[in-house]
Amino acid sequence: MVGFNEEIEMLVEQLVTGQRQLDVISIFGMPGLGKTTLAKKLYDHEAISNRFDIRLWCCSSQSYDKRALLFELLGHICELDDITKVKSDDELAEKLYRYLKGKRYLIVVDDVWSSNAWDDIKRPFPDDNKGSRIILTTRLESIATYAMIDSSPHHLRLFTEEESWMLMKEKVFKEDNYCPQELEDIGKQIAIKCGGLPLAIVLVAGLLAKNDKEVVHWQKVGESLKSKMQGCMDIVESSYQHLPVHLQNCFLYFASFLEGKKVPVQKLIRLWIAENFVEASTISKSLEMVAMDYLMDLLRSNLVMVAKINSSGELKAVHIHDLIHEFSLMKARIGNFLLRINDQLIYIFPSSKGRSGRLNILATSGRNINTLRFLPSINYPLVDLDLAKSWKCLRVLDLSFVKLHKTHVNALQFLIHLKYLELRLYSDYIPYTICNLKELETFIVTRIYRNACFPNSVWDMTSLRHLHVSCLYTSQLFEDLNNLRTCSDLVIDPGVCNQNFMKRLPNLEKLSCQLYGSRTPSNNFFPSFDSLSQLKSLKIGVFGELVDPYGFEDFSYPSNLKKLTLARLELPWSRILTISRLSSLKVLKLERNAFKGRQWDIKDGEFPNLKILKLKKLGLSEWTASDDSFPNLEKVLVQWCWNLEEIPDSFGSKCTMQLIEVRSCRYSVVNAALISFKSIVT
């Protein structure tokens, strides 16, 4: 980490030494100084990890949500099962308190905005004189002072000129960190103009790194910055203006998400497509692939940051700095791109056909509005929208965080221009006429009533690209759904009539489904997956009860499959041979008794290109693998496999192995993992 070396040394000392009673180390300062980055450096420091029994991280943010924060903390230390999710806030806090009781813990509470929020947050943190510590970050000195117990708050300083140049050089020239001599003087001048603000330095570095590294270009960048910066908005403005027009729209769309929250990549991309921000490619790229290219361009500009990458290395969520969010919100308002209505955090996007005046959601005032999105709120408020009369121009309707009045569910059929529809189903049905939405591309429904009835007419919506509806049953299809790319929560009912179902989905790339089994073996006939030639990701679970034979005797998987997740199938280990021969398979996850039997033996040549293997809640006790199996394996994750005695010895001889993670297993498994990883390192 460039800069703050002295601060790190001093703060580590405060964290690992001193009094035994609980203490709070507060870090405060203006946006963009690197408070969160510094806290993360402390959190990951070797001296810290060796000192504390437990380390937890949570983010408070300006829109503080006590329940979400408790879930975030508990998610680090236990599995959030259905029982935990329905507990009250007080019960969740008590569960956290009991877990921390008697332990030496370190908790980072990032981005605290109010004293009331802090009083609420700190209640479950016991003080047992174990030397526990809390790191608090905030923009406000008053909050840092309010939270103080013994240690004085630390006011984070600006970078020195030397540190500014070091950081800029690192970000521009990446690995080699070498700056040509002809660029050094102008580079230092630009770094100085950033005013010592790390965020500003990183943003400017993004501009310099993106284009040709020539003196003329660097001089133009330097001249476009004011000699005396009036806050960081000038830097953000400069980065924004350097974006192509199509990326400017995509960037401003971040203003429609809550400040400080992670933005799911899939949702973001689908919304961009629905808003017509994404142009079709001339080189046979899907709209989703083009949108992902847009997102990668924004990441390279340093306006957008990576928030979450899963174990497979896939980008799952992104976020923007709070200061940049403020800029995007201001810019969107000025450009009539977005309207924010009162404190309910409701965002409206006016169409280009005309300006929208002051809007009252309960009134009939949705004319010429393209997009209506309700953002997260604690109580899921009931909204009364006269969809049939006043909102017919909508292309995007996101009702996932509100309750739509039951009488208005039928009116959805009149929104014939919709391309994106997301809602929580509080009524017990969706009307058959939903198929009138011929242009709908993304349809996401979360059910509240388990027995809600969903019409088969959804399978007549041929424009669908993404279909994610809880407990949606298969049906007989009379024409191909050529546009459908992803489908989840599909329940596949057994029977001969559904054997051709999958053949009607020729371009499906990702499928998550559950097999609905009956107790009669002869009835367990399921559609064949091998006809899905474009399928890259497949997840199969069980809804109901499956019995032998499973109908899988002649079962084969798509040849291009890259990711496979199986759960609750209780297949014998002999059935895994077909999977082991899939040459394109990179990720395999076996969960919740996907296979049954005490022994799994893996032979030479099996799983030739597998990189990630995850085993979770299996009854397996003996696991062996030959030296020539898993030749490209990089990550192994074993969780809650209580009967397992050891992991294969051969893992210790694989030079490709990067990670062996063991959770909630026997000590012998942990010890075997340590021995294997030690062999890899040495």
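Definitions and cut-offs
Residues numbered from 1 in each chain as written. Predicted model: local features only at pLDDT ≥ 70, side-chain atom pairs only at ≥ 80, totals over all residues. Heavy atoms only, no water. UniProt positions renumbered as here; feature names shortened; annotations may be inferred. Phe/Tyr/Trp six-rings, centres within 6.5 Å; stacked < 30°, edge-to-face > 60°. Helix = DSSP H or I, 4+ residues; strand = E, 2+ residues; numbered from the N terminus. Buried < 20%, exposed > 50% of the residue type's maximum accessible area, 1.4 Å probe, protein only. Salt bridge = Lys/Arg side-chain N within 4 Å of Asp/Glu carboxyl O. Pairing = 2+ DSSP bridges. Core = buried A, V, L, I, M, F, W, Y, C linked by side-chain atoms within 4.5 Å. Contact = heavy atoms within 4.5 Å. Patch = residues over 30% accessible without salt bridge, like charges linked within 9 Å, V, L, I, M, F, W, Y side chains within 5 Å. Areas by Shrake-Rupley, 256 points an atom, 1.4 Å probe, with all protein chains shown as cover. Lys, Arg positive; Asp, Glu negative; His and termini not counted. Charge placed at Lys NZ, Arg CZ, Asp CG, Glu CD. Arc of directions from axis to C-beta. Axes fitted to C-alpha atoms, helices over the stretch in contact; angles between N-to-C directions. pLDDT = per-residue confidence, 0-100.

In UniProt, the chain has this text filed under Subcellular location (unreviewed entry): "Cytoplasm". Per UniProt, the chain carries the Sequence similarities (unreviewed entry) text "Belongs to the disease resistance NB-LRR family."

Colleague: Residue-level account of the packing of aromatic side chains, with values.
Modeller: Remark: the centre distance and the inter-plane angle together describe each pair of aromatic rings, the angle taken between the planes. Enumeration over the complete set of coordinates arrives at 18 aromatic pairs. Where Trp573 meets Phe595, the ring centres are 4.9 Å apart and the plane angle is 15 degrees; that geometry is what we call stacked. With Trp573 in the loop between strand 22 (571–572) and helix 19 (577–580) and Phe595 in strand 24 (residues 595–596), this residue pair connects regions lying 22 residues apart in the sequence. With respect to burial, Trp573 and Phe595 carry one shared label: buried. Ring centres of Phe607 and Phe630 lie 5.1 Å apart, and the angle between their planes is 15 degrees; this geometry places the pair in the stacked category. Remark: Phe630 occurs in the loop between strand 27 (622–625) and strand 28 (635–639) and Phe607 occurs in the loop between strand 25 (599–602) and strand 26 (612–616); sequence separation between them is 23 residues. Pair check on accessibility: Phe607 and Phe630 agree, each one buried. Through pairs of rings, three or more aromatic residues link up here, namely Trp573, Phe595, Trp600, Phe607, Trp623, Phe630 and Phe651.

Colleague: Explain the pattern of salt bridges residue by residue, including any values.
Modeller: Applying the stated criterion across every chain, the model contains 25 salt bridges. One salt bridge in this structure joins Asp293 and Lys285, with 2.5 Å as the shortest N-O distance. Residue Glu314 is joined to Lys563 by a salt bridge in which the shortest nitrogen-to-oxygen separation is 3.8 Å. Of the two residues, Glu314 sits in the loop between strand 7 (305–309) and strand 8 (315–319) while Lys563 sits in strand 21 (residues 563–567), which places them 249 residues apart along the sequence. By relative accessible area, Lys563 is classed as buried at 17%. A network of salt bridges, in which partner residues are shared, links Lys267, Arg373, Asp398 and Glu422.

Colleague: Describe in detail unusual backbone geometry, supporting the description with residues and values.
Modeller: Of note, the phi angle at Arg568 is positive, near 65 degrees, even though the residue is not glycine. Position of Arg568 relative to the elements: it lies in the loop between strand 21 and strand 22. For Lys617, which is not a glycine, the phi torsion comes out positive at approximately 55 degrees. With respect to the helices and strands, Lys617 occurs in the loop between strand 26 and strand 27.

Colleague: Mind laying out the pairing of strand 27, listing which residues take part and the relevant values?
Modeller: Residues in a regular strand point their side chains to alternate faces of the sheet. On strand 27, burial follows the alternation: Trp623 and Ala625 on one face are buried, whereas Glu622 and Thr624 on the facing-out side are not. When strand 25 meets strand 27, the two strands line up parallel, connected through 4 bridges. Along strand 27, the bridge assignment pairs Trp600 with Trp623.

Colleague: How would you sum up the nonpolar core? Please name residues and give values.
Modeller: Counting residues in hydrophobic clusters, the biggest one holds 93 residues, and the most contacted among them are Leu511, Ile579, Leu590, Trp600 and Trp623. Non-local contacts of Leu590, meaning those with residues more than four positions away in its chain, are made with Leu566, Trp573, Ile576, Phe595, Trp600, Lys614, Leu615, Lys616 and Leu618. Leu199, Ala274, Val290 and Ala291 belong to the second largest nonpolar core, which has 44 residues in total.

Colleague: So, a positive patch on the surface: which residues are in play, and what are the values?
Modeller: A cluster of basic residues, Lys262, Lys308, Lys316 and Lys510, forms a positive patch on the protein surface. With respect to the element layout, Lys262 can be found in the loop between helix 14 (245–252) and strand 6 (263–264).

Colleague: Break down the environment of Lys261 for me, citing the residues and quoting the values.
Modeller: Mapping Lys261 onto the fold places it in the loop between helix 14 and strand 6. Residue classification places Lys261 among the partly exposed positions, given a relative accessible area of 29%. Sequence separation between Lys261 and His321 is 60 residues, and the spatial gap between their C-alpha atoms is 9.7 Å. Those residues in contact with Lys261 that sit more than four places away from it in its chain are Ser61, Ser63, Val318 and His319.

Colleague: Talk me through helix 12 (residues 215–224); I want residue IDs and the actual numbers.
Modeller: Among the residues of helix 12, those classed as buried are His217, Trp218, Val221 and Gly222. The arc that holds the buried residues of helix 12, viewed along the axis, is 135 degrees, so those residues lie on one side. Looking at helix 12, the residues exposed on the side facing more than 90 degrees away from the buried face are Val216, Lys220 and Glu223. Those residues of helix 12 that are buried lie in contact with helix 9 (161–173), helix 10 (181–193) and helix 11 (198–210).

Colleague: Residue-level account of the sheet that holds strand 8, with values.
Modeller: Read from one edge of the open sheet, 3 strands run 6-8-7, paired in antiparallel fashion. The outermost strands of the open sheet, each flanked by one partner alone, are strand 6 and strand 7. Where strand 7 lies against strand 8, 4 bridges are found, and the strand directions are antiparallel. Within strand 8, the position partnered with Val306 by the bridge is Val318. Strands strand 7 and strand 8 of the sheet are contacted by helix 16 (residues 287–300), whose axis makes an angle of about 50 degrees with strand 8.

Colleague: Mind laying out the confidence of the model for the chain, listing which residues take part and the relevant values?
Modeller: Per-residue confidence for the chain gives a mean pLDDT of 83, with 87% of residues at or over 70. This stretch, residues 350–364, has a pLDDT under 50; its non-local contacts, to residues over four places away or in other chains, come to 34 contacts.

Colleague: Lay out the sheet that holds strand 2 (residues 54–59) with the relevant residues and their values.
Modeller: Read across the sheet, 5 strands follow the order 2-3-4-1-5 without closing on themselves; strand pairing throughout is parallel. Strands with a single pairing partner mark the edges of an open sheet, and in this sheet they are strand 2 and strand 5 (154–155). Relative to strand 4 (residues 133–138), strand 1 (residues 23–28) runs parallel, the two being bridged by 6 bridges. Bridge pairing in strand 4 places Phe28 opposite Thr138. Helix-sheet contacts for helix 1 (residues 5–16) involve strand 1, strand 3 (105–110), strand 4 and strand 5, and the interaxial angle to strand 1 is about 160 degrees. Its contacts with the sheet put helix 4 (residues 66–74) on strand 2 and strand 3, and the angle it makes with strand 2 is roughly 150 degrees.

Colleague: Tell me about a nonpolar patch on the surface, and name the residues and values.
Modeller: A contiguous nonpolar surface patch, about 320 Å² in accessible area, is contributed by Tyr667, Val670 and Leu674. As for its placement among the helices and strands, Tyr667 is situated in helix 20 (residues 667–681). According to the relative accessible area criterion, Tyr667 is exposed, its value standing at 62%.

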